[in-house]
Protein chains: 2
Amino acid sequence: MATAPDETRPASPHPILDEAAQDLLFREARTANSFTAEPVTDEQVRAIYELVKWGPTAMNSQPLRLVLVRSAGARERLLPLMSEGNRAKTASAPLTLIVAADGDFHEHLPATFPHRADARESLAAHPGRERIAHFNASIQLGYLILGIRALGLAAGPMAGFDAVGVKKEFLGDTNQEPVAVVNIGRPGPDAWFQRNPRLDYEQVVTTI
Amino acid sequence: MATAPDETRPASPHPILDEAAQDLLFREARTANSFTAEPVTDEQVRAIYELVKWGPTAMNSQPLRLVLVRSAGARERLLPLMSEGNRAKTASAPLTLIVAADGDFHEHLPATFPHRADARESLAAHPGRERIAHFNASIQLGYLILGIRALGLAAGPMAGFDAVGVKKEFLGDTNQEPVAVVNIGRPGPDAWFQRNPRLDYEQVVTTI
């Protein structure tokens, strides 16, 4: 190992995300409101999932589920369920994801949380299980939005849709509930609104 | 601009997050269960906030609020409110954040969502406002966990605590509700449990 780079230039013990990566994920990334026709492939979605799956969830519950709305027929069923202001942008997106929370996430706990032998049974009887699913899927939605950006794509997350209709039309035979709908693709013409201001540190953080 | 690097090596039109950054945020990052005594400064917390504040929320609502539990007295009030399994790790953390959702986020909408003049009034009367706050603060919690890692620190997010007690003890005079408690610092001895498995792509994603 005489030529190992850490002998001449020791790695920082605490690397931080470089500026370009900070820009890519946070500062220069924007919610896209129009998209080009360039397809988003299953391989790209798989790469996003294989990255964001590592983000932590309570009890490793991982309740996030994704429905890729790809076929013309499925897209036609989704569009009227979107709020009017979200229809044109959804129609322009090469791919739209329904992000759902699986209220039956506990069925996976014997595999995903093996050191707590009673986890599945105790969650099966837990009246707050769907709330836990929604909470953790929402955290994972945060990871997902950044993961889409990490792979060089633009995300267009939307909360404005008919949740009862999306549940019935797309998740009817499951215990999943829709959390958000997310367009994904390359930004198209006039993709961005003017950036809205963020709250100041002092408005958000208190120290005690 | 004859020496501009893009004449010899054009930048990719779609940059992606490099492998080291993917490792830092997702693949090699782990939930820490013990911490060194190295302090986490207000400047570090500010740097984290100034990064993650850019993550998108519905209506730019930004309901995330943070209480930095710094003083010995505040730490002593928090510890008995944590689940038993979370007390030792919280006691070992140089800094603990209470992550809350502000049900009164709508008061900021005239500044943060200025193009919708009626946003504050329509949300003031909205029976689902606290639910919207919790949902968007949870998405922001996802950004926050990755932002802590982006700044080279380890996060220890916890859902196991007495939410009623934390609300009463730390958020009593606000319309904020606790969402999570997050330890933050440098990982200490035996900081990691064995990594639990993640669900396969096929278990999470369906295409229609």
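This is a predicted model, so every value here is computed, not measured.

1. Some thoughts on the packing of helix H2 (residues 42–52) of chain A against helix H7 (residues 129–150) of chain A
Residue and element names in this part refer to chain A.
Next up, step 1: H7 packs onto H2 with a crossing angle of 130° between their chain directions and a minimal axis gap of 9 Å. Taken together, H2 and H7 sit at an angle that is classed as oblique. Seen from above, H2 lies across H7 with right-handed handedness. Two secondary-structure elements touch here, H2 through Ile-48, Leu-51 and Val-52 and H7 through Tyr-143, Leu-144, Gly-147, Ile-148 and Ala-150.
Next up, step 2: A class-by-class count of the residues in the contact of H2 with H7 yields 7 nonpolar, 1 polar and no charged.

2. Let's talk about the environment of Glu-177 of chain A
All names here are of chain A.
Next up, step 1: Structurally, Glu-177 can be placed in strand E4 (residues 176–185).
Next up, step 2: Given the relative accessible area of 37%, Glu-177 is considered partly exposed.
Next up, step 3: Expressed as a C-alpha distance, the spacing of Glu-177 and Pro-80, which sit 97 residues apart in the sequence, is 18 Å.
Next up, step 4: Discounting residues that sit within four places of it in the chain, Glu-177 has contacts with Val-99, Ala-100, Ala-101, Lys-167 and Leu-171.

3. Quick notes on the sheet that holds strand E2 (residues 95–102) of chain B
Next up, step 1: Taken together, 5 strands build an open sheet; the order of strands is E5(A)-E1(B)-E2(B)-E4(B)-E3(B) and the sheet is mixed. Every other strand in the sheet has two partners, leaving strand E5 (205–207) of chain A together with strand E3 (154–158) of chain B as the edge strands with one partner each. Strand after strand, the sheet turns through a mean of 25° between neighbouring axes, direction not considered.
Next up, step 2: Where strand E1 (residues 64–69) of chain B meets E2 of chain B, 6 bridges bridge the pair, whose relative direction is antiparallel. Paired with Val-69 of chain B across the strands is Thr-96 of chain B, a residue of E2 of chain B.
Next up, step 3: The strands that helix H4 (residues 84–92) of chain B touches are E2, E3 and strand E4 (176–185) of chain B; relative to E3 of chain B, the one it contacts most, it runs at about 150°.
Next up, step 4: Strands E2 and E4 of chain B of the sheet are contacted by helix H8 (residues 163–170) of chain B, whose axis makes an angle of about 90° with E4 of chain B.

4. Notes on the relation of the copies chain B and chain A
Next up, step 1: The transformation that overlays chain B on chain A combines an axial shift of 0.0 Å with a rotation of 180°, and the residual RMSD is 0.0 Å. The operation mapping one copy onto its partner corresponds to a two-fold rotation axis.
Next up, step 2: Most of the interface of chain B is mirrored in chain A, where 100% of its interface residues again form contacts.

5. Some words on the UniProt feature "domain: Nitroreductase" (unreviewed entry) in chain A
Next up, step 1: What UniProt calls "domain: Nitroreductase" (unreviewed entry) maps, in this numbering, to residues 30–186 of chain A.
Next up, step 2: The span residues 30–186 of chain A carries 43% helix and 18% strand; its end-to-end C-alpha distance comes to 11 Å.

6. Topic: the pairing of E4 of chain A
Walk down a regular strand and you will see the side chains alternate between the two sheet faces.
All names here are of chain A.
Next up, step 1: Within E4, 9 of the 10 residues are buried, which leaves the element mostly enclosed by the surrounding structure.
Next up, step 2: Relative to E4, strand E2 (residues 95–102) is paired through 8 bridges, and the arrangement is antiparallel. From the neighbouring strand, Ile-98 faces E4, where its bridge partner is Val-181.
Next up, step 3: Note that strand E3 (residues 154–158) and E4 share 5 bridges and pair antiparallel. Bridged to Ala-154 within E4 is Gly-185.

Each value, and the rule that gives it
Note on numbering: residues in each chain are counted from 1, in written sequence order. As they are written, the chains are lettered A onward and the ligands numbered 1 onward, keeping that order. The model is predicted, so local features are restricted to residues of pLDDT at least 70 and side-chain atom pairs to those at 80 or more, both for listing and for counting; the totals for chains, interfaces and linings are taken over all residues. To obtain the side-chain values, all non-hydrogen atoms of the structure were used and water was disregarded. Helix axes are fitted to C-alpha atoms over the stretch in contact, other axes to C-alpha atoms as well, and angles between N-to-C directions run from 0 to 180 degrees. Runs of E in the DSSP output that reach at least two residues are strands. Runs of H or I that reach at least four are helices, and both are numbered from the N terminus. Put simply, angles under 35 degrees are roughly parallel, angles over 145 are roughly antiparallel, angles from 65 to 115 are roughly perpendicular, and the rest are oblique. Two helices cross in a left-handed way if the nearer one is turned anticlockwise from the farther one by less than a right angle. They cross in a right-handed way if the turn is clockwise. Every residue pair with non-hydrogen atoms within 4.5 Å of one another is taken to be in contact. Three classes are used: nonpolar for Ala, Val, Leu, Ile, Met, Phe, Trp, Tyr, Cys and Pro, charged for Asp, Glu, Lys and Arg, and polar for all others, with Gly counted as polar. Throughout, exposure labels follow a simple rule: accessible area from a 1.4 Å probe, protein chains only, divided by the maximum for the residue type, with under 20% read as buried, over 50% as exposed, and the rest as partly exposed. Pairing between two strands is assigned when DSSP locates at least 2 bridges connecting them. The fit set for superposing copies consists of C-alpha atoms from residues with pLDDT of at least 70 in both; the fit itself is least squares. UniProt positions are given in the numbering used here, feature names are shortened, and annotations may be inferred rather than shown by experiment.

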